[in-house]
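Results of the structural survey
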Amino acid sequence: MSRVFNFCAGPAALPEAVLLKAQADLADWQGCGLSVMEMSHRSDEIVSIANAAEASLRRLLSISDDYAVLFLQGGASQQFAAVPLNLAGQNPVVDYVNTGQWSKKAIAEAKRFADVAVVASSEDRNFTYVPDQSAWARSDNAAYIHICPNETIGGVAFHELPSGDTPIVADMSSTILSQPIDVNDYGVIYAGAQKNIGPAGLTVVIARRDLLGKASAHCPTMLDWKVAADNDSMYNTPPTFAIYLAGLVFEWLEELGGLTAMAEINQRKAGKLYGYIDGSGFYANPVALANRSLMNVPFTLADASLDKAFLAGADAAGLLNLKGHRSVGGMRASIYNAVPEAAIDALIDYMRDFAAKNG
Ligand SMILES: *Cc1c(COP(=O)(O)O)cnc(C)c1O
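Residues numbered from 1 in each chain as written. Predicted model: local features only at pLDDT ≥ 70, side-chain atom pairs only at ≥ 80, totals over all residues. Heavy atoms only, no water.

A separate point is the pattern of salt bridges. In this structure the tally under the stated criterion is 13 salt bridges. A salt bridge links Glu251 to Lys21; the nearest nitrogen and oxygen atoms lie 2.7 Å apart. With a gap of 230 residues between them, Glu251 in helix H6 (residues 240–256) and Lys21 in helix H1 (residues 16–24) connect regions that are remote in the sequence. Looking at Lys21, the relative accessible area reads 37%, which means it is partly exposed. (Salt bridge = Lys/Arg side-chain N within 4 Å of Asp/Glu carboxyl O. Helix = DSSP H or I, 4+ residues; strand = E, 2+ residues; numbered from the N terminus. Buried < 20%, exposed > 50% of the residue type's maximum accessible area, 1.4 Å probe, protein only.)

Written out as C-alpha cells, the structure reads:
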C-alpha cells in the first residue's frame, strides 16, 4: 500500500487507521457474514452502529440531551434551505453574516424562504476578514443569526460568537471536531461529513430540541428536523455505511484523547505552516491574522506564473490537491484532523525547495 498526502478541501483525507479497520470488516462485519452496506437499516446491527456513532459524537462535543443529533443526507447545501424552512416558519426575519463563498450560497438559498438581512459582509476585501461585531446591523427580532465559522474557500475563521440571545445557526462543515466548542452556545450546528467527519453522503445536524417542531407548512417532510428526530434519523433509509465510517472516525478521535488533544495537534500543524509562509518571503496568506483558519490555508506564490510548476512538482512529490479555489487563486492546503503532521512537514520541505529554486 502506498498512500499520498491529501490536502483536498473535500471530500478530504480520512484517518488511515479508520480505513484499515473498515477494510478488515468490509465483507464480513464482526462475524455477521455480511457487510454494513448490505444490512437492513432496521436491523439490530445498524441500529447499534448508529447509536454508538451518536453516543461517541455526544461524548466528543459534550452534547446534552437538550439537543437532537441527526444523521441526514443532502449535504450542507441542503441545510441552506432546511434552516429557514425549519426556523423561519413563524417569524420570517433572519440575519446572516456574509464572510465568504459558503455564506453567500446560504444567503441566496435562504432568500427563497425568508426575509434575509445581511448584517455584515467582508466581500469588499474579497472575504479576507470577519467584520467587527460592533459594526453589524442586526435585526431586533431575527428568528436566528447564521454564521459560517470557517469559510473553507477563503480560509477565514470566526473566533468570537455573535452576542445576545438570538439562536446562532452555524455551518461548521469544515471546522466541526477540530477543537472543543460549547454546543450550548448554538441553536443549530450543521456540517457535511466529507471534511472532518467521514465520507460524503452524510450530513450531521445538532439542533436544540426547543427549536424543533416549528417548520413552515410547506417544509418537505425530508427536511423537517422534527421528523428526523422523532424517527431516530431513520424516517427513510439513512446513509448507513457513511454513518458507520463516521462512527469509526469518532472512535479514532476519542482514542486520540478527544478534541482537546486534536486541537493541540491542529494548532501545531497550522502554526508550522503559517509560520513558514510568513517567513518565506516567497509565499503569502491573504487573510487577516486574527481570522486565519486552522483547517484551510490558502497561499499565493510570489509569481502566479509559477503556479502550474508548483502544482506539478507537488503532485510528483505525493502532495495532492493543493490547487486553490478560482475565487482566491494560488494554492490551498486543507489540513483537517486526518491530515497527519508529517504531511505538513513534507509540504513545507517541498515549498522551501521550490522557493529556493524559483525565488
Ligand atoms: C463543503 C462546504 C459546504 C457544502 O457542502 P456539501 O455537503 O457539498 O453540500 C457548505 N459549507 C461549507 C462551509 C463547506 O465547507
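Burial along strand S8 (residues 168–171) is two-sided: Ile168 and Ala170 facing one way and Val169 and Asp171 facing the other are all buried. The pairing of S8 with strand S9 (residues 188–192) spans three bridges and is classified as parallel. Looking across to S9, one finds that Asp171 is bridged to Tyr190. (Pairing = 2+ DSSP bridges.)

The next subject is the side chain of His146. With respect to the helices, strands and loops of the structure, His146 is situated in strand S5 (residues 145–147). Overall, the relative accessible area of 1% leaves His146 in the buried class. Only 2.7 Å separates the side chain of His146 from the side chain of Tyr190, close enough to count as a polar contact. Once residues lying within four places of it in the same chain are set aside, the contact partners of His146 are Asp95, Tyr96, Val97, Ala106, Val169, Asp171 and Tyr190. (Polar contact = N/O pair within 3.5 Å; in protein donor to acceptor, adjacent residues only side chain to side chain. Contact = heavy atoms within 4.5 Å.)

The subject of this paragraph is the domain arrangement of the protein. The domains assigned to the protein are domain 1 (17–256) and domain 2 (257–358). Using C-alpha coordinates to define each centre, domain 1 is positioned 27 Å away from domain 2. Each partner contributes to the interface: domain 1 provides 28 residues, whereas domain 2 provides 28 residues. Contact between domain 1 and domain 2 buries roughly 2200 Å² in total, counting both sides, with carbon and sulfur atoms accounting for 56%. Counting across the domain 1 and domain 2 interface gives zero salt bridges. Put simply, domain 1 and domain 2 have 16 residue pairs in polar contact (both at pLDDT 80 or more) between them. Put simply, the parts of the chain that give the side of domain 1 that touches domain 2 at least two residues each are helix H2 (44–61), strand S7 (156–157) and H6. No other element matches the five residues that H6 contributes to the side of domain 1 that touches domain 2. In the side of domain 1 that touches domain 2, the residues fall into 12 nonpolar, 13 polar and three charged. (Domains from an automatic or database assignment. Buried area = accessible area lost by both parts, 1.4 Å probe. Nonpolar A, V, L, I, M, F, W, Y, C, P; charged D, E, K, R; others polar.)

Here the focus is the sheet that holds S9. An order of S2-S10-S9-S8-S5-S3-S4 is seen for the seven strands of this open sheet, with the pairing classed as mixed. The open sheet is flanked by strand S2 (67–72) and strand S4 (115–121), the only strands paired with a single partner. Across the sheet, the mean angle separating the axes of adjacent strands is 20 degrees when strand polarity is ignored. Summarising the sheet, S2 and strand S10 (residues 203–208) pair through six bridges and their orientation is antiparallel. Counted as the bridge partner of Tyr67 is Arg208 from S10. Relative to the sheet, helix H4 (residues 101–110) contacts strand S3 (93–98), S4, S5, S8 and S9, its axis offset from that of S3 by approximately 160 degrees. (Axes fitted to C-alpha atoms, helices over the stretch in contact; angles between N-to-C directions.)

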